[in-house]
Amino acid sequence: MLQFDTIAGLRQQLRSIRSTQSIGLVPTMGALHEGHATLLETARQENEVVVSSVFVNPVQFNNADDLARYPRTLEADYNLLDAAGCDLVFVPSVSEMYADSPLLQLNFGALETTMEGAFRPGHFNGVGIVVAKLFNIIQPDRAYFGQKDLQQVAVIRRLTKDLSFPVELIRCPTVREADGLAMSSRNRNLTATERTQATLLFRALTQAHKMLTGGHTTAQTKNAIKALFESYPAFTLEYVEIANADTLQPADEILAPGQTAICLAAHLGKVRLIDNLVF
Ligand code: AMP
């Protein structure tokens, strides 16, 4: 696996590759786990060359503590990338990616006024800028994103469409621990007790799914999930939403198969966890 820390070096390497081979991109912020590995393996199957990036993008963090606490495990990341069949990894410094703080501001309208967008102001601006930069630098044929960050997928889909990037987006299913907890780099920051408690998110999603398919209204379901979280004082529920899985707009009833998303975010100790279930 080749490693690059400059935009010019990576561009130079990809210039000749691009004319004869397909390129799959897996953008990450490092602290890699099996969820990332699945994205890489899918990219490996569908492309001749797999490129990944490891970059903790400061522009998408609206909380300095969250950025400072974000886990960084670069040596282990290289091993996982190599084992998953990654050919080229791009690991730029912040100054390489942002010689100047970007003046550009992206606004995704209704896509970012709910859920993650509402609770993390500026987050999707930062996500949009870094993904647009990676698409420009790498010019992949396909790019792989996890359903774990469902709203991010919707935002990037729109970014790709609005800016006419010739990139096919692939949404990969959420990879979970054996007890249901969605894998996340942030799980490393949970204490042992919190790690056990953290299964509440998946249990809540399962309960909500059962209620909705059992005939309860979206309002009844959301209230039950709020009450469930209130009975666990270790948690602060930020939101529970039932939404259209593509537009992320709130849904009042179950939509067509594969179109309804139950989404939630909660704080457990110092860690913010998100998860969703699409059915
Ligand atoms: P991150 O490093 O957290 O920015 O994530 C990089 C990519 O991996 C994003 O597209 C995420 O949605 C995806 N991802 C993170 N966790 C998981 C998971 N548990 N299952 C599948 N994809 C994931």
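Worth saying up front: this structure is predicted, and the values here are computed from it rather than measured.

Quick notes on the rules
Residues numbered from 1 in each chain as written. Predicted model: local features only at pLDDT ≥ 70, side-chain atom pairs only at ≥ 80, totals over all residues. Heavy atoms only, no water. Helix = DSSP H or I, 4+ residues; strand = E, 2+ residues; numbered from the N terminus. Rg over C-alpha atoms; globule rule 2.2 N^0.38 Å. Buried < 20%, exposed > 50% of the residue type's maximum accessible area, 1.4 Å probe, protein only. Areas by Shrake-Rupley, 256 points an atom, 1.4 Å probe, with all protein chains shown as cover. Lys, Arg positive; Asp, Glu negative; His and termini not counted. Charge placed at Lys NZ, Arg CZ, Asp CG, Glu CD. Arc of directions from axis to C-beta. Contact = heavy atoms within 4.5 Å. Salt bridge = Lys/Arg side-chain N within 4 Å of Asp/Glu carboxyl O. Phe/Tyr/Trp six-rings, centres within 6.5 Å; stacked < 30°, edge-to-face > 60°. Near = heavy atom within 4 Å. Polar contact = N/O pair within 3.5 Å; in protein donor to acceptor, adjacent residues only side chain to side chain. Nonpolar A, V, L, I, M, F, W, Y, C, P; charged D, E, K, R; others polar.

### What about the overall build of the chain?
And then number 1: When you go through the chain residue by residue, the secondary structure sums to eleven helices and nine strands.
And then number 2: Rg of the C-alpha trace for the chain: 19 Å, near the compact-globule value of 19 Å for 279 residues, within the 12% margin.
And then number 3: Dimensions of the chain, computed from C-alpha atoms along their principal axes, come out at roughly 55 × 40 × 40 Å.
And then number 4: For the chain, the proportion of its 279 residues judged to be buried stands at 52%.
And then number 5: Carbon and sulfur atoms provide 51% of the accessible area of the chain, an area that totals close to 12700 Å².
And then number 6: Positive and negative side-chain charges of the chain, numbering 24 and 29 respectively, have mean locations separated by a distance of 2 Å.

### Let's talk about helix α4 (residues 74–83)
And then number 1: Three or more residues of α4 are buried, namely D77, Y78, L80 and L81. For α4, the angular spread of buried residues about the axis comes to 165 degrees, placing them on one side. Within α4, the exposed residues directed more than 90 degrees away from the buried face are E75, N79 and A83.
And then number 2: In this fold, the buried residues of α4 make contact with β1 (2–4), α2 (34–46), β3 (49–54) and β4 (88–90).
And then number 3: Among the residues trailing α4, G85 stands out with phi positive, at a value near 90 degrees.

### Regarding the pattern of salt bridges
And then number 1: All told, the structure shown has eleven salt bridges when counted by the stated rule.
And then number 2: With its nearest N and O atoms 2.9 Å apart, the salt bridge here joins R158 to D162. Placement of both R158 and D162 in helix α8 (residues 150–162) is noted, with a separation of four residues, approximately one turn of the helix.
And then number 3: Three or more residues joined by partner-sharing salt bridges are found here, namely D66, R120 and R186.

### Side note on the packing of aromatic side chains
And then number 1: Applying the stated rule across the entire model yields five aromatic pairs.
And then number 2: With 6.1 Å between their ring centres and 45 degrees between their planes, F55 and Y98 make a pair best called tilted. With F55 in the loop between β3 and α3 (64–69) and Y98 in the loop between α5 (94–97) and α6 (115–119), this residue pair connects regions lying 43 residues apart in the sequence.
And then number 3: Ring plane angle 80 degrees and centroid distance 5.3 Å describe the contact between F135 and F165, whose orientation is recorded as edge-to-face.

### So, unusual backbone geometry
And then number 1: A positive phi angle is found at A31, which is not glycine, with a value near 50 degrees.
And then number 2: Position of A31 among the secondary structure elements: in the loop between β2 (23–28) and α2.
And then number 3: Accessibility expressed as a relative area gives 1% for A31, which makes it buried.
And then number 4: For Q139, which is not glycine, the phi torsion reads 50 degrees and is therefore positive.

### Points about the site of the ligand
And then number 1: Every one of the 17 residues lining the ligand counts as a neighbour, but M29, H36, D149, V175 and M183 are closest to it.
And then number 2: Between the ligand and H36 there is a distance of 2.9 Å, counted from an oxygen atom to a side-chain nitrogen or oxygen.
And then number 3: Here an oxygen atom of the ligand sits 2.6 Å away from a polar atom, N or O, in the side chain of D149.
And then number 4: For the ligand, the accessible surface in isolation is 490 Å², of which the surrounding protein chains cover 93%.
And then number 5: Elements represented by at least two residues in the shell around the ligand include exactly β2, α2 and β5 (142–146).
And then number 6: When residues in the shell around the ligand are grouped by element, the largest group, three residues, is from α2.
And then number 7: Its residues placed into classes, the shell around the ligand shows eight nonpolar, seven polar and two charged.

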